[in-house]
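Coordinate analysis (summary)
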Amino acid sequence: MKDFSFSGLDPDTILDALETQGIFLQSGLLALNSYENRVYQFQADDNKRYVVKFYRPARWTDAQILEEHSFAQELADNEIPIVTPLALNGKTLHHHGDYRFTVFPSVGGRQFENDNLDQLEWMGRFIGRIHRVSQSKTFKQRPDIDTQSYLDEPRQVLENSTLLPDHLKTAFFAILNPVISAASSAYKATDIIRLHGDCHPGNILWRDGPTFVDLDDCRMGPAIQDLWMMLSGDRQQQLLQLDTLIEAYEEFQPFNTNQLALIEPLRAMRMVHYMAWLSRRWEDPAFPRAFPWFADDKYWEGQILALKEQLSAMQEAPLKLGY
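Here is what the cut-offs are and how they apply
Per chain, residues are indexed from 1 in the order of the written sequence. Whole-chain, interface and lining totals are the exception, using all residues; otherwise, since this is a predicted model, local features are given only for residues with pLDDT of at least 70 and side-chain atom pairs are given and counted only at 80 or more. Calculation of side-chain values draws on the structure's entire complement of heavy atoms; hydrogens and water are dropped beforehand. Nonpolar core, defined: a set of buried Ala, Val, Leu, Ile, Met, Phe, Trp, Tyr and Cys residues in which side-chain atoms within 4.5 Å join the residues together. Only protein chains enter the accessibility calculation, which uses a 1.4 Å probe; a residue whose area is less than 20% of its type maximum is buried, one above 50% is exposed, and one in between is partly exposed. Whether two residues touch is decided by their heavy atoms; if any such pair falls within 4.5 Å, the residues are in contact. Here a salt bridge means any side-chain nitrogen of Lys or Arg lying within 4 Å of a carboxyl oxygen belonging to Asp or Glu. Helix numbering and strand numbering both begin at the N terminus, where a helix is a DSSP run of H or I of at least 4 residues and a strand a DSSP run of E of at least 2. Fitted lines through C-alpha atoms serve as axes, helices being fitted only where they are in contact, and the angles separating the N-to-C directions of these axes extend from 0 to 180 degrees. Angles are sorted into four bins: roughly parallel if under 35 degrees, roughly antiparallel if over 145, roughly perpendicular if 65 to 115, and oblique for all others. When the near helix sits turned anticlockwise from the far one by under a right angle, the crossing is termed left-handed; a clockwise turn instead gives a right-handed crossing. In the scheme used here, Gly and all other residues not listed as nonpolar or charged are polar, with Ala, Val, Leu, Ile, Met, Phe, Trp, Tyr, Cys and Pro taken as nonpolar and Asp, Glu, Lys and Arg as charged.

Now for the nonpolar core. If you look at soluble globular proteins, the nonpolar side chains tend to sit buried side by side. Ranked by size, the top nonpolar core spans 75 residues in total, and within it M123, F172, F212, I224, M230 and W300 carry the most contacts. Ignoring any residue separated from it by four or fewer positions in sequence, one finds I224 in contact with F255, Q259, L260, L262, I263 and L266. Counting residues in each nonpolar core, the second largest holds 16 residues, with F6, I14, A17 and A44 among its members.

Spelled out as structure tokens, the structure:
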């Protein structure tokens, strides 16, 4: 199955899909900020608010999605605040036509402030708690964070992309290739565990503490992957933030400080993967609307500069504890 599109997912199809599970809308559908999948908030006739998520066709297998759902429930069973899929008619994953969907309770909250040390301390504790649970077993269906899927395959996508202006290709690949080489050499993942995988501020709601959402990218990988995206600002600020996070994290789970050397390689992998992701998805009409700057010279010129800065960052000494 190669069709990744949502071209047939119109409002009638969404309503029909929900009604197959006995859910009838009282309000309209409010599209939420998601591009990889299609996600809508609504109020049902029981006066409760829900969120329905339609998975991008062909991206994950049913077994991979169900393993994500099982992981979320396992965390919730251990009193970790995470939004879990609802079991409707005994199932969390439902099929309707060409689409698969899941329904969640709608949870409110404001965005986590990653420059707030008090909130970072909370985050360290809860990620430590997540990892204490997650390290007890491994994923059997979900993939690993590896250089092939985050560097090698994205480079092939970018080499074949028509969105990269021809007159910038030489300069772009002149810096992309050494970044990929440096990141590939430096990324030696050991002690891999089940991860949230995409634990950035946008996937955390704050309501007198954190609530985690969206395990769509959960994978096997090093613990630092769920921590480094909390860091912001200059090196001194990041050192203070890192100390705050890890001290709280270790209240629940030991942290392997050797993984600090993976922060910049992981950042490079995310940068390269993100550019290729946009290239892969460009035929989805939602992407040109949401990211109109992606095909502009200015964007690619900015990426050349960002990659040069990232190569320099990987050549510096890693962050260390003991600020």
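Having put the structure on the table, let's press on.
In this section: the pattern of salt bridges. Going through the model one piece at a time under the given rule, you end up with 18 salt bridges. The shortest N-O distance in the salt bridge between E36 and R56 comes to 3.8 Å. Residue E36 is located in the loop between β1 (30-31) and β2 (38-43), and its partner R56 is located in the loop between β3 (49-54) and α2 (62-77); the two are separated by 20 residues in the primary sequence. Residue D284 is joined to R56 by a salt bridge in which the shortest nitrogen-to-oxygen separation is 2.7 Å.

In helix packing, the relevant descriptors are the interaxial angle and the interaxial distance, both defined with respect to the helix axes. One way to put it is that helix α4 (residues 147-160) packs onto helix α5 (residues 166-186) with a least axis distance of 10 Å and a crossing angle of 165°. Put simply, α4 runs roughly antiparallel to α5. Once α4 is placed against α5, the crossing between them reads as left-handed. Mapping the contact onto sequence places T147, L151, D152, R155, L158 and E159 in α4 and F172, F173, L176, N177, I180, A183 and S184 in α5. The class makeup of the residues in the contact of α4 with α5 is seven nonpolar, three polar and three charged.

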